[in-house]
Amino acid sequence: MQPRHLAFGAFGLVLALMSGCAGPNEEGDADQKPIVGVSIFPVADLVKTLVGDEVRVEVALPPGASPATFHVTPQQLRDLRDASVFFMIGGGLDEWLTALPEASEADARIVRLSDGIELLAEEEDLEEEAHDHGHGHSHGSGNPHIWLDPILVRDRILPRLVDGLTAAFPEDSDAIGSRASALADSLAALDGEIRAILAPLEQRAFIATHSAWTYFAARYDMEEAGVIHAHPGQEPSSRDLAALIEVARDHGIPCVFSEPQLGATAVRAISTDLSLPTFLLDPLGGPEEEGREGYFELLRYNANQLVRGLGGTGA
Ligand SMILES: [Zn+2]
C-alpha cells in the first residue's frame, strides 16, 4: 500500500488546495489513513514509533493544556469516533473525552492503559477518602501518571499498546511486534541514562507543582516530598501552602519545580515566600517544545532539570 500512497500524495494535496473548504472526504490522501487516537502527547509519540507512516496519530489534549482543566472540542470527538483504536491513560486523568454521551459509540475501541496496574494512592485520597471534588483529575482511582516511569511503560503500557494496535491492524502485527521489541530496548537504555544523570544527586527530595512525579520518584530513589497543587485545577489554600513551607524547610529543599500547564500563581507565591528559585518540570512535552519534543527527550529533560534544581549542573 506504500507505493499507492506515495503516488497519490501530491495529487491529493493539490485537490485539497483547489477545493478551498474541503469536506472530510475531499481533504486528500492524508485523511484516507487510519487514525489512532491518544489522549496525551508523550504516549502518542511512543505509538508513532510503533505504527509507521501509514497511520495518522491524533493527540486529543492540545499542547499547553492540562488534563485537569481541559474541555473537549467537537473536532476531537470526531477524531475519537473515527479512530481505529483510542489509547487513554484512565485512572481519572483523561475521562473528559469518553465521559461525553457522544463518545459512547466509540467505546469498544477505547484502551485504558492503566487497567490492570495497581495505581499508587494520591496523598489527598488518603486524607479525604472518597470525597469527590468533581474536576476529574486523579480522585478516588489513584495516581494516573504512569507514563513518567519508563520501566512501567516498557513492562505494562507497551504490551497494551501492542495488543490494541494489533487488534486494530492485524495485517501489521509482525511489524508492530518488531518495532515494539526495539522500543522496549530503547526504554531500558533510557532507564540507564536517567540513572546516570541522577547518580550525582545527594538532595533526592523535591517539591513539585502536582503529583506527576510519584512513579518517576519511586523508580529512581527520589522523593516527591510535597506538591503545590494537591487538587489540580483548584488554587491551594493558605493552610496547604503553610504545610508545604514546613515540608520545604524540613527537607532542606533548594528550589520549587514549576510546570508549563499548571499552577503558575501558586508556584510563584511559594518560591517568593521561601526565596527559592524555580525550575521547570514538564509531564507532557509537545511537538513544538524544544528538548521535550518526544517521549525520550522529555524524560531526559526532566532528569536533567531535577539535577539542575536540586544541586548539580545537569547534562
Ligand atoms: Zn497530572
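Note that the structure is a prediction, hence the values are computed from the model and not measured.

> Even after reading the chapter, I still don't get empty space enclosed by the protein, so can you show me in this structure?
Which parts of space are left empty comes out when a probe the size of a water molecule is rolled across the atoms. Taken as a whole, this structure holds one cavity of 30 Å³ or more when the rule is applied. Here the largest cavity defines a volume of roughly 70 Å³. In the lining of the largest cavity, the residues fall into five nonpolar, five polar and one charged.

> Help me understand the environment of Gly177, please; the structure alone is not making it clear to me.
Residue placement: Gly177 occurs in helix H7 (residues 173-198). The partly exposed category is assigned to Gly177, whose relative accessible area is 31%. In sequence terms Gly177 and Pro159 are 18 residues apart; their C-alpha atoms lie 9.6 Å from each other.

> Just to check I follow, could you spell out the side chain of Thr214 for this structure?
Following the sequence through the fold, Thr214 ends up in helix H8 (residues 214-219). When near neighbours in sequence (up to four residues on either side) are disregarded, Thr214 contacts Leu120, Asn143 and Glu224.

> Explain the confidence of the model for the protein here, please?
It should be kept in mind that the predicted coordinates are not to be read in detail where pLDDT is low. Of the residues in the protein, 80% have a pLDDT of 70 or more, and the chain-wide mean is 83. Across the protein, the secondary-structure element scoring lowest on mean pLDDT is helix H1 (residues 2-19), at 33, and the one scoring highest is H7, at 98. Contacts from residues 1-28, a stretch scored under 50 in pLDDT, to residues over four places away or in other chains number 15 contacts. For residues 125-136, every residue scores under 50 in pLDDT, and the model assigns this stretch 17 contacts once sequence neighbours within four places are set aside.

Thresholds, definitions, all that
Residues numbered from 1 in each chain as written. Predicted model: local features only at pLDDT ≥ 70, side-chain atom pairs only at ≥ 80, totals over all residues. Heavy atoms only, no water. 1 Å grid on protein atoms, 1.4 Å probe; cavity = no way out; pocket = protein on both sides within 12 Å on 5 of 7 lines; lining within 4 Å. Points joined across faces, edges and corners; volume = space filled by probe spheres on them. Nonpolar A, V, L, I, M, F, W, Y, C, P; charged D, E, K, R; others polar. Helix = DSSP H or I, 4+ residues; strand = E, 2+ residues; numbered from the N terminus. Buried < 20%, exposed > 50% of the residue type's maximum accessible area, 1.4 Å probe, protein only. Contact = heavy atoms within 4.5 Å. pLDDT = per-residue confidence, 0-100.

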